[in-house]
Amino acid sequence: MARRAYWLAAPLAATLFAAQPVLAQTQVAEASTSTSRNQTVVVTARKREENLQEVPLSITAITAENLERANVTDLRDIAALTPGMTFDDIAAGLFATPTLRGLSQANVFGPRNVATFIDGVYISDNAGVDIGVLDLERVEVVKGPQSALYGRNSFSGAINYVTRRPGGAPDLVARAELGSDGKVRVEASGGFELIPDVLSVRAAFAVDQFDGTWTGAVNGADFSGWDKKGGTLSIAFTPTDSTTIRYRGYFADDNLDPYAIALQGNTCAFNAANIPQYFCGKMPEGESVTVARPNSPLINGTDREVQYHFLNVVQEFGDITVSLIGGQNTVDIAATNTSDRTANGIPFPLVSLTAPLFAPAVSQGTALIKTYNTTRSRTREQSLELRIADDSGEMFRWSVGGFVYKSEGWSGNPITLDISGIPANLRPGAFAAATNAVIGGVSSAVNLWSVRRADTNSNIPSAYSETEVEQNSLFAQAEFQPIEKLVLRGEVRRTEETRKTDIQYGATNGPLGGRPLTAPFGRFSNTWEYTNYRITADYSLSDTFLIYGSVATGENAGGFNTGATVATDFTFNPETNITYELGVKTSWLDDALLFNGAVFMVDWTDAQINGPPSAGSTSPVNVVRNIGAIESSGFEFDFRYALTDYVSVTGGMSINDAQWGAGSFDTNGGAIFVGPWAPVSLGDYVAGSNHVLPTGGCARHSSGLSVQTFLRGIHLVEYDEDALAERDRNDDLA
């Protein structure tokens, strides 16, 4: 069951302890205090500093001041303050997934369709995007496809963390939070100038601990908490008035508790092994759910180590600015969570330690053995962007550049069996599904190769993969003002991406051990080329009223189905969308009230959707295919009203209508049961369907068994003389 947590936060200054006002907040509105009227918010969403109210994009910008007052600590809090954004943290941080404008990610294991950047440097690993808000200047959430400007999977939008820059007067700020359920958070940040106006340093650190509010029904243990530690170091060097060099490093060492699992079996979408893949119908309601956490010290949740390094060099040559942005990021993951979701494990037959693998063996009894899913991975990426720009002109501005990206990573998913209670001369076996005979090694859908005994655990390397991605892009932007209040802008990016993946099953030569396989089942490689663009027009009806329209395309990377067994399923291609948007940026009452809004329509094609494999496949698992079409339309707005110099109200709303289009569902089934009140058994005994249905992909060309199967059809053709003569005349005219 879940409990509520209560937290109390207290910000501290170096020599000043000030009481903070109470903050009342919902997802769409907040009330806070302000030391002044609405101030100009500067954003860099278009790679240059601009007034938020003058940028023809739908952007939610949350400043450092508002981050603190709303007690924002992670992406979930940022989503709560951003109209049209949601955030899911799946599997104890392994699949952090932000969503914009209802464009949920059907392929949750693929690249995110909302890209994340830190000071303009792309972060690819799903487990490393939720970095918190330590020492940030602001967070910018840019909605709509940004592939032409940002590249790297900015399919439906981008999130850019903008960090605080070193320099200025010395400062030191500390903040502490205490709460129920072991909640403790302490953070501090500060900076100073080593050489005035030339060399500055800034550093920050944070410790965040929480026991969690979920209690396991199995053993009463608390979980879904965390223990996070992180720090940053920034250095700014300005040797001349026209040269700036900035370095920033971010370091984190986190442990995220095992996630809460509500036990609910799948009921539909049976695969080739007759195992249901999904749950269909309405999920059970209520706060009282059965949550599993077995009695085992082996379950550690997710251990995450992160290192991000960024370097930004800016050189001005008169009106021309040359900027170089580089990054090197490393994310290490080690996660162990329950597989069988039971308190004491599931029954396994026992065989002699010397029994041959995958061959008949004599059963030595059975034992309850706890099983665990384990993930080990490392991602290391480097990127470099060169941009040359001239933003000085009133009538014409331009920029050109290039982008190079490379990432290398490996991941493995060994299965762990807790065999601490098994005699040393025995090991787990498995029941052969067809005969219930005992075989001398644990098998699964991925044909495990070995069982190793290490201390009290048996590690079964299930799958190990190495992936390499290389991307090269050229881009250009131009902005033209033909008349005083009208601005036209175009962006284009040409990209070539090569992806290579080596997959091994039961490996012996990788970080987890491995046995390499040969192509095509072990090695995958493909290159994609694509072009993205954005065209924008904005018109200033007045100094306080801007209207804009845009059309833009987005691209999300393709990939491989490493478990596929037929060539047509090996590769899935990038998914694309084209988005049409019309928006306004306005201010009223001497800038006391800011109101921005947009309407949009998204046409998403070649959507990557999990579905059954192609005909002839021997794999029991689904594959990702480009079979989907999705349409989304809606509107969004946000406002900020400064009631006085000290009190302001902000809010926003987003309404999205996302619909699956033609081709998004595979109707090649012998029988289709529609709705939560049509179980499969209904067709067997009540509704008149039958249980003799085509399998193995044959439903694409054959129907289920029926009386028609036993009837022979005869075609009868009858013409009279006039009809035949009329047919002859029509043929002559044709």
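1. Some thoughts on the side chain of E381
- Tracing the backbone through its elements, the reader meets E381 in strand β25 (residues 366–390).
- What makes E381 buried here is its relative accessible area of 3%.
- Polar side-chain contacts of E381 include one of 2.4 Å to the side chain of Y405.
- Beyond its immediate stretch of four places on either side in the chain, E381 contacts Y122, I123, S124, G327, Q328, N329, Y405, K406 and S407.

2. Side note on the nonpolar core
- Core analysis: the biggest nonpolar cluster contains 33 residues, and L75, I78, M85, V139, I159, Y161 and Y308 have the highest contact counts within it.
- Per element, the largest residue contribution to this core is four residues, and it comes from strand β23 (residues 320–338).
- Apart from the residues within four sequence positions on either side, M85 is in contact with L75, I78, A79, P98, T99, L100, V141 and I159.
- In this structure, V55, L57, I59 and A115 belong to the second largest nonpolar core, which totals 18 residues.

3. Digging into the sheet that holds strand β12 (residues 157–163)
- A sheet is described by the order of its strands in space; here five strands give the open sequence β6-β11-β12-β9-β10, paired in mixed fashion. The outermost strands of the open sheet, each flanked by one partner alone, are β6 (59–63) and β10 (121–123). Sheet twist, expressed as the average angle between the axes of neighbouring strands with direction ignored, equals 20 degrees.
- In this sheet, β12 lies alongside strand β11 (residues 136–143) in antiparallel orientation, the contact comprising seven bridges. The partner of K143 across the bridge, within β12, is G157.

4. A few points about the side chain of E555
- Mapped onto the fold, E555 is located in strand β37 (residues 545–556).
- Among buried Asp, Glu, Lys and Arg side chains, E555 stands out as unpaired, with R494 the closest opposite charge at 8.6 Å.
- Polar contacts involving the side chain of E555 include one to the side chain of N532, which spans 3.3 Å.
- Those residues in contact with E555 that lie beyond four places of it in its chain are S147, N153, S154, F155, Y530, N532, P574, E575 and T576.

5. Focus on a nonpolar patch on the surface
- The grouping of W588, L589, F595, Y641, L643, Y646 and V647 at the surface amounts to a nonpolar patch, some 690 Å² of accessible area in total.
- Structurally, L643 is set in the loop between β42 (623–642) and β43 (647–660).
- Look at L643 and you get partly exposed, because its relative accessible area is 41%.

6. Looking at the pattern of salt bridges
- Counted according to the given criterion, the structure contains 27 salt bridges.
- Ionic pairing is found between D391 and R48, a salt bridge with its closest N-O pair at 3.6 Å. Residue D391 is found in the loop between β25 and β26 (396–412), and its partner R48 is found in the loop between β4 (42–43) and β5 (50–51); the two are separated by 343 residues along the sequence.
- For D391, a relative accessible area of 33% gives the class partly exposed.
- In this structure, the salt-bridge partner of R246 is D119, at a minimum N-O distance of 3.6 Å. Taken together, the positions of R246 in strand β19 (residues 243–256) and D119 in the loop between β9 (114–118) and β10 put the pair 127 residues apart, joining distant regions of the chain.
- Under the relative-accessibility criterion, D119 is labelled buried at 19%.
- The network of salt bridges with shared partners includes R46, R48, E50, D391, E479, R489 and E491.

7. Side note on the packing of aromatic side chains
- Applying the stated rule across the entire model yields 13 aromatic pairs.
- Judged by centre distance (4.9 Å) and plane angle (40 degrees), the ring pair of F117 and Y150 falls under tilted. One end of the pair, F117, is in strand β9; the other, Y150, is in the loop between β11 and β12, and 33 residues separate them in sequence. For the pair formed by F117 and Y150, the shared burial category is buried.
- Aromatic pair F545 and W588: ring centres 6.2 Å apart, planes at 85 degrees, arrangement edge-to-face. Of this pair, F545 sits in strand β37 while W588 sits in strand β40 (residues 575–588), and the two are 43 residues apart along the sequence.
- A relative accessible area of 25% means that F545 is categorised as partly exposed.

How each quantity is defined
- Residues numbered from 1 in each chain as written.
- Predicted model: local features only at pLDDT ≥ 70, side-chain atom pairs only at ≥ 80, totals over all residues.
- Heavy atoms only, no water.
- Helix = DSSP H or I, 4+ residues; strand = E, 2+ residues; numbered from the N terminus.
- Buried < 20%, exposed > 50% of the residue type's maximum accessible area, 1.4 Å probe, protein only.
- Polar contact = N/O pair within 3.5 Å; in protein donor to acceptor, adjacent residues only side chain to side chain.
- Contact = heavy atoms within 4.5 Å.
- Core = buried A, V, L, I, M, F, W, Y, C linked by side-chain atoms within 4.5 Å.
- Pairing = 2+ DSSP bridges.
- Axes fitted to C-alpha atoms, helices over the stretch in contact; angles between N-to-C directions.
- Lys, Arg positive; Asp, Glu negative; His and termini not counted.
- Salt bridge = Lys/Arg side-chain N within 4 Å of Asp/Glu carboxyl O.
- Patch = residues over 30% accessible without salt bridge, like charges linked within 9 Å, V, L, I, M, F, W, Y side chains within 5 Å.
- Areas by Shrake-Rupley, 256 points an atom, 1.4 Å probe, with all protein chains shown as cover.
- Phe/Tyr/Trp six-rings, centres within 6.5 Å; stacked < 30°, edge-to-face > 60°.

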